[in-house]
Amino acid sequence: MLKMKKMPHPTRALNVALSLALMVTATGSYAASVQEIKKVTETQKQSYLETLKTLVNIESGSKDIEGVNQIAKVVAERLKSSGAEVLVIQPSNIFKLDDTPEHTGPMVKGVLKGKGKSKIMLIAHLDTVYQKGMLKNQPFHIDGNKVYGLGILDDKQGVAAIIHILDTLKTLKYQDYGTITVLVNSDEEISSPGSRKLITETAQDQDIILSFEGGGKDGSLRLATSGIGAAYLDIKGKSSHAGVKPEEGVNALTELSHQIAQMQDLSNAKTGLKLNWTVATAGKTRNVIPDAASAQADVRALRVEDFDQIEKTLQEKVKNKKLADSQVDVKFEVRRPPLAANEKAKKLAEKAQSIYKNELNLSMNVLTTATGGGTDAAFAGLKSKAAVLEGMGLSGDGAHSNNAEYILMDSIVPRLYLATRLIMDASGK
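Bear in mind that the values here come from a model prediction, so they are computed numbers and not experimental data.

Asks: In this structure, what is going on with the pairing of strand β9 (residues 227–236)? I would like to understand it.
Replies: Working note: regular strand, side chains alternate between the two faces of the sheet. Counted residue by residue, β9 has 8 buried out of 10 residues, so it is predominantly covered. Note: β9 against strand β11 (residues 292–301), 10 bridges, orientation antiparallel. Bridge pairing links Ile228 to Arg300 in β11. The pairing of β9 with strand β12 (residues 327–336) spans 9 bridges and is classified as antiparallel. When the sheet's bridge partners are listed, Gly229 is paired in β12 with Val334.

See below:
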């Protein structure tokens, strides 16, 4: 009689196979099992919260140079403790935008050198939109599953995540990557005028780029972001008495109205281009013909070429004046380029979804179409062929609000785990 061999339970066999697959990389070196990675990321949770509290308690508005220098120093020390070579870089080449301050804050760059070939970049930002003194109204505190604090979602959770991802790798003694480059800036909320050049240059030769802006309430990843532009109209006229000799004046408000009217329908739903006039000023006294007027428009685009075209269109349009003696000038600036999803990013996002589903039993949405907002991921992707994932940070809500910004505590471990696994997967190829 032929003896039948006992087959292993299919679920148990799958788990064993998965663990074995993770324990051996392409270089044949020891990595870590799923269970080990989970255990280490779980032990990081409390220390993550402590790091986050430290960061929240340092007020770091974009224009608060003292505050951003202080938080940069703290983060630099934490990156050094992970084994990274760290530089605190003061900006020397500031891209001047309409609202750029005279001075912008530093960048912290850390590089970990491993034994492999993969080049991985992690980005986040230190600055917030808040004014100094507002922390007292939104202190760090925990209420159930929600952790509140000034700037906690945007983007101090992301900075803390990067710190603890590196701590996780150090604890696991994992070094199969080639390099892990961390770049955190302190001028993101004012369109990164001092850091955009370094972000773009550093990203050029990377394999994957993970950006740690928050993942929204549901932890979605984003593969595309809108480009953000701005248009500025300036009209010069001539003042005169509105009741006695209005004909001797040149009404800047009249010319402004004409210009806005002829440039109000420049949006293009097919390409995703949006131009909307949002701010206007003219005159100070009711009985005086205004000699100056101005307006600003918010512009969004999904393609770099659309920004080039809209600038040309604006310059052509202003040549058509209603009042011949008025002087009309228009200026256009690109505050952030768009980020478009490439095939590498799509494959990396699929890997992230697979990790969430098969290893954490969690679902994850991936957004391939831009929804309107722009981030530094676009500067990273501008000249790079890397896979760029945005939204690697924790789940939460209330960004840019005075009293309701929070993260969800139960997203800490999954997000640390996900980033660790993506780094290992990219390094094992």
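Asks: Looking at this structure, I do not really get the packing of helix α3 (residues 45–56) against helix α4 (residues 65–81). What am I missing?
Replies: Running from amino to carboxyl end, α3 crosses α4 at an angle of 155°, the nearest separation of the two axes being 10 Å. Considered as vectors, α3 and α4 are oriented roughly antiparallel to each other. Contacts from Thr51, Thr54 and Leu55 in α3 reach Ile71, Val74, Val75 and Arg78 in α4. For the contact of α3 with α4, the class distribution of residues is 4 nonpolar, 2 polar and 1 charged.

Asks: Can you walk me through the environment of Gln204 in this structure?
Replies: By the element assignment, Gln204 lies in the loop between α6 (196–203) and β7 (208–211). Sequence separation between Gln204 and Leu55 is 149 residues; the distance between their C-alpha atoms is 29 Å.

Asks: Hey, could you run me through the sheet that holds β11 in this one?
Replies: Sheet strands pair by backbone hydrogen bonding; their relative direction is either parallel or antiparallel. Strand order in the open sheet formed by 4 strands is β10-β11-β9-β12, and the pairing between neighbours is antiparallel. Looking at the sheet topology across the chains shown, the edges are occupied by β10 (274–282) and β12. With direction set aside, neighbouring strand axes in the sheet form an average angle of 15°. Helix α8 (residues 304–317) contacts β9, β10, β11 and β12 of the sheet and is inclined by roughly 170° relative to β12.

Asks: Would you mind showing me how to read the confidence of the model for the protein here?
Replies: Should the pLDDT be low somewhere, the predicted coordinates at that spot are not to be read in detail. Mean pLDDT over the protein stands at 92; residues scoring 70 or higher make up 92%. Counted against residues more than four places away or in other chains, residues 1–8, with its pLDDT under 50, gives 1 contact. Considering only residues more than four positions removed or in separate chains, one finds that residues 16–30, a stretch of pLDDT under 50, has 25 contacts.

Asks: Just checking my understanding: could you explain the packing of helix α9 (residues 343–360) against helix α11 (residues 412–427) for this structure?
Replies: Helix packing for two helices is described by the angle between their axes and how far apart those axes are. For the pair α9 and α11, interaxial distance at closest approach is 10 Å and the crossing angle is 125°. By the angle class used here, α9 and α11 are oblique. For α9 against α11, the interelement crossing comes out right-handed. Residues Leu348, Lys351, Ala352, Ile355, Tyr356, Glu359 and Leu360 of α9 lie in contact with α11, whose contacting residues are Pro414, Arg415, Tyr417, Leu418, Arg421, Leu422 and Asp425. The residue makeup of the contact of α9 with α11, split by class, is 9 nonpolar, no polar and 5 charged.

Asks: Any chance you could explain the nonpolar core here in plain terms?
Replies: One broad trend across soluble globular proteins is that nonpolar side chains are buried collectively. Judged by nonpolar contacts, the single largest core of 71 residues is most densely connected at Leu122, Ile180, Leu210, Phe212, Leu389, Met392 and Leu422. With residues up to four places along the chain from it excluded, the contact list for Ile180 reads Gly110, Val111, Leu112, Ile120, Leu122, Leu166, Leu169 and Ile423. Listed in part, the 22 residues of the second largest apolar core include Leu233, Ile235, Leu314 and Phe332.

Asks: Please clarify how unusual backbone geometry should be interpreted in this entry.
Replies: Excluding glycine, a negative phi dihedral is what most residues carry, and trans is how most peptide bonds are arranged. Of note, the amide linkage connecting Asp154 to Asp155 takes the cis form, showing an omega dihedral of 10°. Looking at the secondary structure, you find Asp155 in helix α5 (residues 152–172). At Ser191, a residue that is not glycine, the phi angle is positive and equals roughly 75°. By the secondary structure assignment, Ser191 is in the loop between β6 (179–185) and α6. In this model, His400 sits at a positive phi of 65°, which is unusual for a non-glycine residue.

The rules behind each value
Residues numbered from 1 in each chain as written. Predicted model: local features only at pLDDT ≥ 70, side-chain atom pairs only at ≥ 80, totals over all residues. Heavy atoms only, no water. Buried < 20%, exposed > 50% of the residue type's maximum accessible area, 1.4 Å probe, protein only. Helix = DSSP H or I, 4+ residues; strand = E, 2+ residues; numbered from the N terminus. Pairing = 2+ DSSP bridges. Axes fitted to C-alpha atoms, helices over the stretch in contact; angles between N-to-C directions. Parallel < 35°, antiparallel > 145°, perpendicular 65-115°, else oblique. Contact = heavy atoms within 4.5 Å. Nonpolar A, V, L, I, M, F, W, Y, C, P; charged D, E, K, R; others polar. pLDDT = per-residue confidence, 0-100. Left-handed = near helix turned anticlockwise from the far one by under 90°. Core = buried A, V, L, I, M, F, W, Y, C linked by side-chain atoms within 4.5 Å.

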